[in-house]
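Residues per chain are reported as follows:
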Amino acid sequence: MGFLAASPSPYHAVAGAAQRLEKAGFRQVEEHAAWDGESGGKFVTRGGAIIAWYVPEDATAATPYRIVGAHTDSPNLRVKPVPDRGRHGWKQIAVEVYGGTLLNTWLDRDLGLSGRLSLRGGGSVLVHVDRPLLRVPQLAIHLDRGVNDGLKLDRQQHMTPLWGLGDPHEGELIAFLAGEAGVAAEQVAGWDLMAHSVEPPAYLGKDRELVAGPRMDNLLSVHAGVSALIAAAQAGTDAIPVFAAFDHEECGSESDTGAGGPLLGSVLERSVHARGGSSEDRARALAATICLSSDTGHAVHPNYAERHDPDHHPMPGAGPILKVNVNQRYATDGRGRAVFAEACERAGVPWQTFVSNNAVPCGTTIGPITAARHGISTVDIGVAILSMHSARELCGAADPYLLANAMTAFLRH
């Protein structure tokens, strides 16, 4: 819950993960520097992506990897290049809809702003305004009597948040955010900014067995993956455990920090070469490598049970889910099922299976991309949640812990 609240943007999620890894003894390596073959924990960051790995002392150049993959981005509203706008006496901020956002969940919600300010001459700073700053006001029912029979939102016209009264002034937003970040406005040459709900995560229910919060898709998996890598490194491993969290999954993963980009392959290859290995050693290592691609999945919805497969009803609190789709929207096959089942058994963790209703299109994630791009055997898993892609999602309170334990068992053996 603390990680969710502290990670309103992919850049904050990467910074938080890096901080946890450093406290556990991992050290950051730069992409532009030469890498050594020493044992121990290392990590590399690039924008909203982070890859971390632990090399045991007895690892050879051909030692295979055990990879946990996730993504750091979530659907939201992102600030446009010319943000300051307004009309009819209201100051507004121009935004673009990112990913498959449930638009109605952003209405009448107190929103903050966060992200990255890029500075002249290189470098960047993070900014996090975690107080009510923006709001996307819904039209009153008196002016739209049929709204409860079907709300229709125009992404361009209806999703522009307001943030004050008066006429807009060019540069006002960036000057404000520069002040919040402690830099001069004239130093800011670019930005990657997004809105977030300022309502913190919270336990829900009489017995506090549920957690409501933002960005569970997919920061829940990021937090569990970092925890699992640290635990596996401390306990000892048979392979080289890796945690890889990518950006831009919600819009297709095709970027230099997405799962469709070269970052993971580059890190794995350079790690082999740093240990004195050849292309043959890399090929041998990847041939024996397995990846768990972790992303949230759908818990059965009590009000819409007909949208789910009638024989597969994942529930919060019942352990992580194995995600299956024979059309390769998920990369899981029978071998992957066996690997995941064995890891859960070793960890003493219950698990469930998710498959889509044949009449409802199935989503996808980084699993098939990882399998196809790198030739790595991949298993898609996750945690069952409600309200996926909402500004506020819902999971079982025990599920992040169960997922991290299953991941740890997988990474260790």
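Residues numbered from 1 in each chain as written. Predicted model: local features only at pLDDT ≥ 70, side-chain atom pairs only at ≥ 80, totals over all residues. Heavy atoms only, no water.

Some details on the sheet that holds strand β14 (residues 290-294)
Within a sheet, neighbouring strands are paired by backbone hydrogen bonds and run either parallel or antiparallel to one another. On the basis of which strands lie adjacent, the open sheet formed by 9 strands has the order β1-β2-β3-β13-β4-β14-β18-β16-β17 and mixed pairing. Edge positions in the sheet fall to β1 (27-28) and β17 (352-354), since each has one partner strand and no second. Pairing of strand β16 (residues 321-323) with strand β18 (residues 377-382), which is carried by 2 bridges, proceeds in the antiparallel orientation. The partner of L322 across the bridge, within β18, is I381. This element, helix α7 (residues 334-347), spans β14, β16, β17 and β18 of the sheet and lies at about 55° to β18. Taken strand by strand, helix α9 (residues 399-412) contacts β4 (65-71), β13 (240-246), β14 and β18, and its axis lies near 150° from that of β4. (Pairing = 2+ DSSP bridges. Helix = DSSP H or I, 4+ residues; strand = E, 2+ residues; numbered from the N terminus. Contact = heavy atoms within 4.5 Å. Axes fitted to C-alpha atoms, helices over the stretch in contact; angles between N-to-C directions.)

Some details on the packing of helix α5 (residues 263-274) against helix α6 (residues 279-287)
To characterise two packed helices, one gives the angle between the axes of the helices and the distance between these axes. Taken N-terminus to C-terminus, the directions of α5 and α6 make an angle of 125°; their axes are 9 Å apart at the nearest point. Overall, the two elements α5 and α6 adopt an arrangement that is oblique. At the point where α5 passes α6, the crossing takes the right-handed sense. Between α5, through L268, E269, V272 and H273, and α6, the contact on the second element is made entirely by S279, D281, R282 and L286. (Parallel < 35°, antiparallel > 145°, perpendicular 65-115°, else oblique. Left-handed = near helix turned anticlockwise from the far one by under 90°.)

Thoughts on helix α3 (residues 172-181)
Taken residue by residue, α3 has L173, I174, L177 and A178 as its buried positions. Taken end-on, α3 shows its buried residues confined to a sector of 130°, consistent with a single buried face. Next to the buried residues of α3 lie β5 (76-87), β6 (90-98), β7 (111-119), β8 (124-134), β9 (162-165) and β10 (188-197). (Buried < 20%, exposed > 50% of the residue type's maximum accessible area, 1.4 Å probe, protein only. Arc of directions from axis to C-beta.)

Section: the pattern of salt bridges
As enumerated under the stated definition, the model contains 15 salt bridges in all. Note that E180 and R131 form a salt bridge whose closest N and O atoms lie 3.0 Å from each other. In this pair, E180 is assigned in helix α3 and R131 in strand β8, connecting sequence segments 49 residues apart. The exposure class assigned to E180 is partly exposed, which follows from its relative accessible area of 37%. You can call R131 partly exposed: its relative accessible area is 37%. A network of salt bridges, in which partner residues are shared, links R27, D36, E38 and K42. (Salt bridge = Lys/Arg side-chain N within 4 Å of Asp/Glu carboxyl O.)

Overview of the packing of aromatic side chains
In this structure the tally under the stated criterion is 5 aromatic pairs. Seen from their ring centres, F26 and Y54 are 6.3 Å apart, and the 55° between their planes marks the pair as tilted. Here the residue F26 occupies a position in the loop between α2 (10-23) and β1, and Y54 occupies one in strand β3 (residues 49-55), the gap between them amounting to 28 residues. Judged by its relative accessible area of 23%, Y54 falls in the partly exposed class. When the ring centre of Y98 is taken as reference, the NZ or CZ atom of R78 above it lies at 3.6 Å. Seen from the ring of W35, R270 lies directly overhead, with NZ or CZ sitting 4.0 Å from the centre. (Phe/Tyr/Trp six-rings, centres within 6.5 Å; stacked < 30°, edge-to-face > 60°. Lys NZ or Arg CZ within 6 Å of the ring centre and 35° of its normal.)

Examining empty space enclosed by the protein
Rolling a probe over the atoms, with the probe sized like a water molecule, indicates the empty space that remains. Applying the stated criterion across every chain yields a total of 2 cavities of 30 Å³ or more. A volume near 100 Å³ is recorded for the largest cavity. What lines the largest cavity is a set of 14 residues, among which S74, P75, W106, P214 and R215 lie closest to the centre. A per-element tally of the lining of the largest cavity places β10 first, with 3 residues. Of the residues belonging to the lining of the largest cavity, the class tally is 6 nonpolar, 5 polar and 3 charged. If you add up the space inside the second largest cavity, you get close to 40 Å³. Around the second largest cavity, the lining residues are S7, P8, S9, P10, T72, D73, S74, N76, M194, R215 and L219. Classifying every residue of the lining of the second largest cavity by side-chain character gives 4 nonpolar, 5 polar and 2 charged. (1 Å grid on protein atoms, 1.4 Å probe; cavity = no way out; pocket = protein on both sides within 12 Å on 5 of 7 lines; lining within 4 Å. Points joined across faces, edges and corners; volume = space filled by probe spheres on them. Nonpolar A, V, L, I, M, F, W, Y, C, P; charged D, E, K, R; others polar.)

Considering the nonpolar core
In this structure, L21, I50, F243 and F410 are the most contacted members of the largest nonpolar core, which totals 49 residues. With 11 residues, helix α4 (residues 216-235) is the single largest residue contributor to this core. Setting aside anything within four residues of it in sequence, one finds L21 in contact with F26, F43, I50, A52, V226, L229 and I230. (Core = buried A, V, L, I, M, F, W, Y, C linked by side-chain atoms within 4.5 Å.)

Observations concerning the layout of surface pockets
If you add up the space inside the largest pocket, you get close to 920 Å³. What lines the largest pocket is a set of 31 residues, among which H298, H308, V360, S387 and M388 lie closest to the centre. Residue composition of the lining of the largest pocket, by class: 12 nonpolar, 12 polar and 7 charged. Along its surface, the second largest pocket is lined by 19 residues, and P137, Q138, L139, Q157 and H158 are the ones closest to its centre. Split into classes, the residues belonging to the lining of the second largest pocket amount to 9 nonpolar, 7 polar and 3 charged.

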